[in-house]
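Chain and residue survey
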Amino acid sequence: MSSSKDSRRALCTVLTIFLLLVGLAVLIVWLIYRPHKPQFTVVGAAIYDLNTTSPPYISTSMQFTLVTRNPNKRVSIMYEKLTAYVSYKNQEITPPVLLPPLHHRTKSTVALSPVLGGGAVPVSLEVANGLVMDEAYGVVALRVVVKGKLRWKAGAIKTGRYGVSVKCDIWVGLKKGFVGQVPLLGSPQCKVDV
């Protein structure tokens, strides 16, 4: 009887030590390859069309230059199914635009310059009137939103897909009738949720 207890105790000890070593190895790998969220910043804006003359519809054409940085030393980021749009007072004023897939290498920076807009988008009267008033003042607060999926890749290892949401709150200097590059009033970091 005591020999079977001793063998079970020895087996439990060996199994416990093995599990602790595996856990320690997983922790070390996670600490080395722990992925950090990408960083986004809006560095340029151009307004080609902002037509609010036929409420409740707005037609717009805007281009924003977003710079994204991968801060990871050992992990690249692969973006899939990215869409971008512009909102004003929490309401979309451009239809979502599909962006091409992007493989973001380690410690690199990539610039994206999607043209957003095109067709007319239905908006509330409050949004249409707010845009007209803000244009009259010369300052318009907009939010550039990018949504999609990302995967982290370390060597041959790829993670599952995670949803990513990027929200960039910006202020642009815009006067009624002006077309082209508009000044950004500040260049805040975008909020990135993964």
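No experiment lies behind these values; they were computed from the predicted model shown.

Quick notes on the rules
Residues numbered from 1 in each chain as written. Predicted model: local features only at pLDDT ≥ 70, side-chain atom pairs only at ≥ 80, totals over all residues. Heavy atoms only, no water. Helix = DSSP H or I, 4+ residues; strand = E, 2+ residues; numbered from the N terminus. Polar contact = N/O pair within 3.5 Å; in protein donor to acceptor, adjacent residues only side chain to side chain. Contact = heavy atoms within 4.5 Å. Disulfide = S-S within 2.5 Å. Patch = residues over 30% accessible without salt bridge, like charges linked within 9 Å, V, L, I, M, F, W, Y side chains within 5 Å. Areas by Shrake-Rupley, 256 points an atom, 1.4 Å probe, with all protein chains shown as cover. Salt bridge = Lys/Arg side-chain N within 4 Å of Asp/Glu carboxyl O. Phe/Tyr/Trp six-rings, centres within 6.5 Å; stacked < 30°, edge-to-face > 60°. Buried < 20%, exposed > 50% of the residue type's maximum accessible area, 1.4 Å probe, protein only. UniProt positions renumbered as here; feature names shortened; annotations may be inferred. Lys, Arg positive; Asp, Glu negative; His and termini not counted. Charge placed at Lys NZ, Arg CZ, Asp CG, Glu CD.

Re the side chain of Thr94
- On the secondary structure map, Thr94 appears in the loop between β4 (91-92) and β5 (97-98).
- A polar contact of 2.8 Å, which involves the side chain of Thr94, links it to the backbone nitrogen of Val86.
- The residues touching Thr94, leaving out its near neighbours within four places in the chain, are Thr60, Tyr85, Val86, Leu116, Gly117 and Val121.

Section: the state of the cysteines
- For the coordinates displayed, the defined rule picks out one disulfide.
- Disulfide pairing places Cys168 opposite Cys190 at an S-S distance of 2.0 Å. Measuring the twist about the S-S bond at about 110 degrees, one finds the Cys168-Cys190 disulfide to be right-handed. Taken together, the positions of Cys168 in strand β11 (residues 162-173) and Cys190 in the loop between β12 (180-182) and β13 (191-193) put the pair 22 residues apart, joining distant regions of the chain.

Comments concerning a nonpolar patch on the surface
- A contiguous nonpolar surface patch, about 480 Å² in accessible area, is contributed by Leu15, Phe18, Leu19, Val22 and Val26.
- The residue Leu19 is located in helix α1 (residues 2-33) in this model.

Observations regarding the packing of aromatic side chains
- One pass over the structure, following the stated rule, counts two aromatic pairs.
- Note on Phe40 and Tyr79: the rings are 6.3 Å apart at their centroids and 75 degrees apart in plane angle, and the pair reads as edge-to-face. Of this pair, Phe40 sits in strand β1 (residues 39-54) while Tyr79 sits in strand β3 (residues 76-88), and the two are 39 residues apart along the sequence. Comparing Phe40 with Tyr79, the two get one shared label, buried.

Observations concerning the UniProt feature "domain: Late embryogenesis abundant protein LEA-2 subgroup" (unreviewed entry) in the chain
- In this numbering, the UniProt entry assigns the feature "domain: Late embryogenesis abundant protein LEA-2 subgroup" (unreviewed entry) to residues 68-168.
- Along residues 68-168 one finds 13% helix and 58% strand; the C-alpha atoms at either end are 12 Å apart.

Section: a positive patch on the surface
- A surface patch of like charges, here positive, comprises Arg69, Lys73, Arg74 and Lys107.
- When you line up the elements, Lys107 lands in the loop between β6 (102-104) and β7 (109-112).

Thoughts on the environment of Ile47
- By the element assignment, Ile47 lies in strand β1.
- Taking the C-alpha atoms as reference, Ile47 lies 18 Å from Val67; in sequence the two are 20 residues apart.
- Beyond its immediate sequence surroundings of up to four residues, Ile47 is in contact with Ser61, Met62, Leu174, Phe178, Val179, Gly180 and Val182.

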